[in-house]
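Observations on the model geometry
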Amino acid sequence: MAILPQYMEDFLYGLTFNRRMSVHTVTAYRSDLSQFWQFLTLFDSPEPKDWKSTIIRSWMSEMLTDGMSPKTVHRKISALRTLIKQLRKQGILEKDPMAKMTLPKIPKKIILDIPAADLQQMFRNFPWNETVNGERDCLLLLLFYTTGMRLSELINLKKSDIDFSRKNITVLGKRNKQRIVPMHPELCVALEQYKSDGSYTGYLFTLENGTKLYPMLVYRIVTKYLQLFSSALKTSPHVLRHSFATHLLNNGADLLAIKDLLGHTSLSATQVYTKNSFEKLKLVHKLHPRE
């Protein structure tokens, strides 16, 4: 990865210690800005005061030509936009070179959920008690499906975040934003059984050495069980989060309530599930006998 100029390093430092972004997010920002800095070195004057919209458009065009998806390009441009905003606040940059830029359109994708019947069959029929770490794996899957929490949120979930008296869980989301999620009765029982020893300190899920689970392990656990009981094309913790939201909406839940449960900052992020539900309605409507 390229050695970045000091103003970029200061920006990344601020993301970590002032805005408290996750290590994963800051690493992604560093990668994106490194790619932009390497592109700037092709020009004679790569200092911020010399940045022009034509240079940034050329970078965007190069990424698209190299086969990068519009969604990835949006993410990289977003990192640069955040840096530019900070540089303008500091007086390093006077004008915004991205003020009149148009980004490539992102194709709209329908989010596919795991059918509720498949999940019901998995929880009911798999011999959890006869499998190594089966109790843990079942609880882990239940947490994803009945709370809609993110992978990072589950990994960092602590025993002290669970309130059995109020039957809710405090989830620490993006940018350290907390939200309260109710516990499904089945989840409440599973949690009580899992930690019946009375010890409520530290992370809920840990390895034998006491450290918390790592993302790839959780991904493999979820994928292993979902592929046993479902023919869905995609199986992952994030798909379970999609399934949580989609199944609630299909059963009549309020979209604003789902937004709060998911920890979305804006309703637009949640509205994608209405499109998913509408696509299902269109499939059903095709069954109408009138030709």
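None of these values were measured; they are calculated from a predicted model.

Conventions adopted
Residues numbered from 1 in each chain as written. Predicted model: local features only at pLDDT ≥ 70, side-chain atom pairs only at ≥ 80, totals over all residues. Heavy atoms only, no water. 1 Å grid on protein atoms, 1.4 Å probe; cavity = no way out; pocket = protein on both sides within 12 Å on 5 of 7 lines; lining within 4 Å. Points joined across faces, edges and corners; volume = space filled by probe spheres on them. Nonpolar A, V, L, I, M, F, W, Y, C, P; charged D, E, K, R; others polar. Core = buried A, V, L, I, M, F, W, Y, C linked by side-chain atoms within 4.5 Å. Buried < 20%, exposed > 50% of the residue type's maximum accessible area, 1.4 Å probe, protein only. Helix = DSSP H or I, 4+ residues; strand = E, 2+ residues; numbered from the N terminus. Contact = heavy atoms within 4.5 Å. Axes fitted to C-alpha atoms, helices over the stretch in contact; angles between N-to-C directions. Parallel < 35°, antiparallel > 145°, perpendicular 65-115°, else oblique. Pairing = 2+ DSSP bridges. Salt bridge = Lys/Arg side-chain N within 4 Å of Asp/Glu carboxyl O. Arc of directions from axis to C-beta. Polar contact = N/O pair within 3.5 Å; in protein donor to acceptor, adjacent residues only side chain to side chain. Patch = residues over 30% accessible without salt bridge, like charges linked within 9 Å, V, L, I, M, F, W, Y side chains within 5 Å. Areas by Shrake-Rupley, 256 points an atom, 1.4 Å probe, with all protein chains shown as cover. Lys, Arg positive; Asp, Glu negative; His and termini not counted. Charge placed at Lys NZ, Arg CZ, Asp CG, Glu CD. Expected span 1.5 Å × (residues − 1).

To continue, consider the layout of surface pockets. In this model, the second largest pocket occupies a volume close to 430 Å³. Taken together, 18 residues form the lining of the second largest pocket, with Tyr 145, Thr 146, His 184, Phe 244 and Leu 248 sitting closest to its centre. For the lining of the second largest pocket, a count of residues per class yields 10 nonpolar, seven polar and one charged.

This part is about the nonpolar core. By size, the foremost hydrophobic cluster in this structure holds 49 residues, and its most contacted members are Met 122, Phe 123, Leu 140, Leu 143, Leu 191 and Phe 205. Secondary structure elements with two or more residues in this core: helix H5 (116-125), helix H6 (134-147), helix H7 (151-155), strand E2 (168-172), helix H8 (185-194), helix H9 (215-229), helix H10 (237-250) and helix H11 (255-262). No other element matches the eight residues that H6 contributes to this core. Setting aside residues up to four positions removed in sequence, Phe 205 forms contacts with Arg 136, Leu 139, Leu 140, Leu 143, Leu 154, Tyr 194, Thr 211, Lys 212 and Leu 213. One finds Phe 11, Phe 36, Ile 56 and Leu 80 within the second-largest nonpolar core, a separate group that totals 30 residues.

For the rest of this paragraph, the subject is the packing of H6 against H10. Describing two packed helices takes the angle between their axes plus the distance from one axis to the other. Contact pair H6 / H10: the axes reach a minimum separation of 7 Å and the direction vectors enclose 40°. Taken together, the axes of H6 and H10 are oblique relative to one another. Touching Leu 141, Phe 144, Tyr 145, Thr 146 and Thr 147 of H6 are Pro 237, Leu 240, Ser 243, Phe 244 and His 247, all from H10.

What follows covers the sheet that holds E2. Taken in spatial order, the three strands line up as E1-E2-E3 in an open sheet, and their pairing is antiparallel. Among the strands making up the open sheet, the edge pair consists of strand E1 (162-163) and strand E3 (178-182). In the sheet, E1 pairs with E2 via two bridges, with the strands oriented antiparallel. Pairing of Asp 163 across the sheet is with Asn 168, part of E2.

Should the charged atoms of two oppositely charged side chains come close, the side chains can pair. For the coordinates displayed, the defined rule picks out nine salt bridges. Asp 50 serves as the salt-bridge partner of Lys 49, at 3.3 Å between the closest nitrogen and oxygen. Here Asp 50 falls in the partly exposed class, since its relative accessible area comes to 24%. Here the residues in one salt-bridge network are Asp 32, Arg 75 and Lys 76, joined through shared partners.

Listed in full, the buried residues belonging to H11 are Leu 255, Ile 258, Lys 259, Leu 261 and Leu 262. Down the axis of H11, the sector holding all buried residues measures 165°, keeping them to one side. By the N-cap criterion, in which a side-chain oxygen at the helix start approaches the backbone nitrogen of a residue two or three places on, H11 is capped by Asp 254, the distance to Leu 256 being 3.0 Å. Downstream of H11 by one or two residues, Gly 263 has phi in the positive range, about 80°.

Taken together, the side chains of Arg 19, Lys 85, Lys 89, Lys 174, Arg 175 and Lys 177 present a region of like positive charge at the surface. Tracing the backbone through its elements, the reader meets Lys 174 in the loop between E2 and E3. What makes Lys 174 exposed here is its relative accessible area of 57%.

Looking now at a nonpolar patch on the surface. Together, Tyr 214, Met 216 and Tyr 219 give the surface a local cluster of nonpolar side chains, amounting to about 300 Å² of exposed area. Note that Tyr 219 resides in helix H9.

Take the side chain of Ser 243 next. Relative to the assigned elements, Ser 243 resides in helix H10. Classification of Ser 243 as buried rests on a relative accessible area of 0%. What Ser 243 contacts, discounting residues up to four positions off in sequence, is Asp 113, Ile 114, Leu 119 and Tyr 145.

Side-chain alternation along E3 places Arg 179 and Val 181 on a buried face and Gln 178, Ile 180 and Pro 182 on a face that remains uncovered. Relative to E3, E2 is paired through five bridges, and the arrangement is antiparallel. When the bridges of E3 are listed, Thr 170 appears paired with Ile 180.

Attention now moves to helix H3 (residues 53-65). In a regular helix each residue adds 1.5 Å, so 13 residues correspond to 18 Å; H3 covers 18 Å between its end C-alpha atoms and thus fits that length. Positive backbone phi, approximately 95°, marks Gly 67, located one or two places after H3.

Our next topic: the packing of helix H2 (residues 23-40) against helix H4 (residues 70-89). Where H2 meets H4, the closest approach of the two axes is 9 Å, and the angle between their N-to-C directions is 85°. Judged on the interaxial angle alone, H4 and H2 are roughly perpendicular. Contact with H2, carried on its side by Tyr 29, Asp 32, Leu 33, Gln 35 and Phe 36, involves Arg 75, Lys 76, Ala 79, Leu 80, Thr 82 and Leu 83 of H4 and no other residues of that element. Along the lines of polarity and charge, the residues of the contact of H2 with H4 split into six nonpolar, two polar and three charged.

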